[in-house]
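# Results of the structural survey
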Amino acid sequence: MESIGQKHIRIYDAEKSARASLESYWQDLMYFAFPRKAYITRIKSIGDRLPTDIYDSTAIMSLAYFGAGMQAYLSGPQTKWFAIGLRNYALMNKKSNLRYVRDTEDALYSIINNSNFYQEDAEGYLGLGGLGTDILYVEKDIKEDVRFDSLNIENVLIMNDSVGRTKIAYIEYEYSADQAIGKFGKDKVGEKVNASFAKDDYQSKFKYIFCIFPRDVYDQSKKDARNMPIAALWVDRERKEVVRESGYKEFPMMVSRFAKSKGSPYGSSPEMNIFSDIKMINQMEKTNILGAQLAVLPPKEIPDEAFLRPFNFNPNGINIRNAGFPNEHITPITTGTNLPIGIDYVKYKQQKISQAFYNDLFILMESIGDRTATEVSILNNQRMQLLGSAVGNIMREKLSPVIERVYSIAADNGKLPELPPELEGENYVIEYISPLARAQKAFELNNLSQAMQIIASYGQVEVSVFDKIDFDELVDYTAKITNITPKILRSDDEVIDIRENRAQNEAMAQQMEMMKQGTENIKVGTEADKNIAQASAVEAK
């Protein structure tokens, strides 16, 4: 009967074999755009040098700009890129609830900023631009609470469920004998590893397959690792035996894809869209280099017997000519190479490759010209919206699961503030506030602004049209779209108090004005009576 270890090794081998052609394609993609990671089908050795037959670095630089730009505009360390909110937005108006939400948000940022997230996140975006798939593993860490690992795709196999979510992952690791014993213990690793350890052999490597998949049967009343919803098995690759079993409350692998490929758990990348041009421009640049060499150092035409050998073509070299051939000369052979045309076409292709990696989006300064700040902002938002589908994939498949996983680990470690009783059972939401996320909402905000301008023009004709607008709701909606901090907005109770006080003050002022007007009327009436009395007295005389 097949053991559990044998079963998972069989599945791993079958899936690995099935994607062999895809791995060959990945190898070519990495070779031309990300050569330090071009070990999909090659074995990496210590001291390996980067390829010397890459004649054009446009793809390498474009991918580097893509990775840096995606992180800076989507999940960079320079500024906050997400906010925690409540699904019931009205609850955010209460100060205690708002304080809890912001304290929770600060706790999550503290854990993420103190971890290696940004380092691994940057590597992930490079993989996303080159291969179309970013695989991020998140695990608990004793020192930093959480630790991230951007996995090399050649070591990972993934399988999706019926709706396209990754539910199974196999990761291949290589450990020395010392590392294997330190991780699993002497009694688990077998005789071969122990023998290597006894000989102080640090060069021999032993393979283990880390299998992560949903458990079919487990005891929910128990909280130990073997009764978690997600199973995690370490299997000795050679012996096909399970050496450790544990588990997770949530799937620890965040698999995001730049664009999804139908029928495949792996994604498509910007580089795949332009790969033919990348290979072409590499050959063209090689040809241009040869053309430049021919122009600088052309082949020579030497008259037979006119010059004494050996010839000297070094700078300031002296060649002796026979006196009997006064009209013979050493002349360069013109090949007819038109180097400027080749260079112009290479520049054209280089621009296309940069655009395929969205470099014109991330490097805006070159095209600003004399535009105003408003025009630049609108242009930038329009360009960022071109990444809408990819941004949605990354948020849904990587960033949201990362935040949820960090939240779960923070809760287990007691790093979250105390939950107010009022929020028991309430659902929270993740709101993204990075530049790319805000750009996706720019259309909505622009439409709202245009609508209000039109309504304002109607109000100049008929003021009563503003009765149709709930301005309090308008302010709340605008604040939600623009993700401004709720700290600057007053709560509904505070607004009611302010309006009641204003109404009371206005009523008092109106009453004072009426009293003042009454006093003035009495004064005028008294003066009139006095004048009438005086006039009557004069007439009597």
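Above: the structure in question.
Here goes a summary of the coordinates provided. (Residues numbered from 1 in each chain as written. Predicted model: local features only at pLDDT ≥ 70, side-chain atom pairs only at ≥ 80, totals over all residues. Heavy atoms only, no water.)

Its volume calculated, the largest pocket comes out at about 1,100 Å³. Along its surface, the largest pocket is lined by 30 residues, and Lys44, Asn152, Glu154, Asn155 and Glu174 are the ones closest to its centre. Mapped by element, the contributors of at least two residues to the lining of the largest pocket are α1 (4-18), α5 (117-131), β3 (145-150) and β5 (166-175). Looking at the lining of the largest pocket element by element, the count peaks at 4 residues for β5. By residue class, the composition of the lining of the largest pocket is 9 nonpolar, 6 polar and 15 charged. (1 Å grid on protein atoms, 1.4 Å probe; cavity = no way out; pocket = protein on both sides within 12 Å on 5 of 7 lines; lining within 4 Å. Points joined across faces, edges and corners; volume = space filled by probe spheres on them. Helix = DSSP H or I, 4+ residues; strand = E, 2+ residues; numbered from the N terminus. Nonpolar A, V, L, I, M, F, W, Y, C, P; charged D, E, K, R; others polar.)

This brings us to the sheet that holds strand β2 (residues 133-141). By way of backbone hydrogen bonds, the strands of a sheet pair with one another, either parallel or antiparallel. Read across the sheet, 3 strands follow the order β3-β2-β9 without closing on themselves; strand pairing throughout is antiparallel. Of all the strands in the sheet, just β3 and β9 (253-257) have a single pairing partner and so form its edges. Adjacent strand axes in the sheet meet at a mean angle of 20° when their direction is disregarded. Alignment of β2 against β9, held across 5 bridges, turns out to be antiparallel. Following the sheet pairing, Ile135 is matched in β9 by Val255. Of the strands in this sheet, β2, β3 and β9 touch α5, which is tilted by about 160° from β2. (Pairing = 2+ DSSP bridges. Axes fitted to C-alpha atoms, helices over the stretch in contact; angles between N-to-C directions. Contact = heavy atoms within 4.5 Å.)

Put simply, helix α3 (residues 58-74) and α5 touch, their axes get as near as 8 Å, and they point 125° apart. The angle between α3 and α5 falls in the class oblique. By crossing handedness, the relation of α3 to α5 is classed as right-handed. Contacts between α3 and α5 involve Leu63, Ala64, Phe66, Gly67, Met70, Gln71 and Leu74 on the former and, on the latter, Tyr118, Asp121, Ala122, Tyr125, Leu126, Leu128, Gly129 and Gly130. (Parallel < 35°, antiparallel > 145°, perpendicular 65-115°, else oblique. Left-handed = near helix turned anticlockwise from the far one by under 90°.)

Once rolled over the atoms, a probe with the size of a water molecule shows which space is left empty. A full pass over the atoms with the stated rule returns 2 cavities of 30 Å³ or more. Of the volumes computed, that of the largest cavity is approximately 190 Å³. Lining the largest cavity are 17 residues, with Gly127, Leu131, Leu151, Asn152 and Ile153 sitting closest to its centre. Breaking the lining of the largest cavity down by element, the ones donating at least two residues are α5 and β2. Among the elements that make up the lining of the largest cavity, the one with the highest residue count is α5 (5 residues). For the lining of the largest cavity, the residue count by class is 8 nonpolar, 5 polar and 4 charged.

This paragraph deals with α5. For α5, spanning 15 residues, the distance from its first C-alpha to its last is 20 Å, which sits close to the expected 21 Å at 1.5 Å a residue. Most of α5 sits inside the fold, with 12 of its 15 residues counted as buried. Three or more residues of α5 are buried, namely Phe117, Tyr118, Glu120, Asp121, Gly124, Tyr125, Leu126, Gly127, Leu128, Gly129, Gly130 and Leu131. In the stretch just after α5, Gly132 is the one whose phi turns positive, near 85°. (Expected span 1.5 Å × (residues − 1). Buried < 20%, exposed > 50% of the residue type's maximum accessible area, 1.4 Å probe, protein only.)

Formed by 112 residues in total, the largest nonpolar core has its most connected members in Trp81, Phe82, Tyr208, Met253 and Leu387. Sort the elements by how many residues they give to this core and helix α13 (residues 388-412) lands first, with 10 residues. (Core = buried A, V, L, I, M, F, W, Y, C linked by side-chain atoms within 4.5 Å.)

With that settled, consider the pairing of β5. Within β5, 8 of the 10 residues are buried, which leaves the element mostly enclosed by the surrounding structure. Pairing of strand β4 (residues 156-160) with β5 involves 5 bridges; the strand directions are antiparallel. From the neighbouring strand, Met159 faces β5, where its bridge partner is Ile168. Between β4 and β5, which pair antiparallel one after the other, the connecting turn spans 5 residues, and Gly164 there sits at a positive phi close to 95°. Where β5 meets strand β6 (residues 206-214), 7 bridges bridge the pair, whose relative direction is antiparallel. Paired with Tyr170 across the strands is Cys211, a residue of β6.

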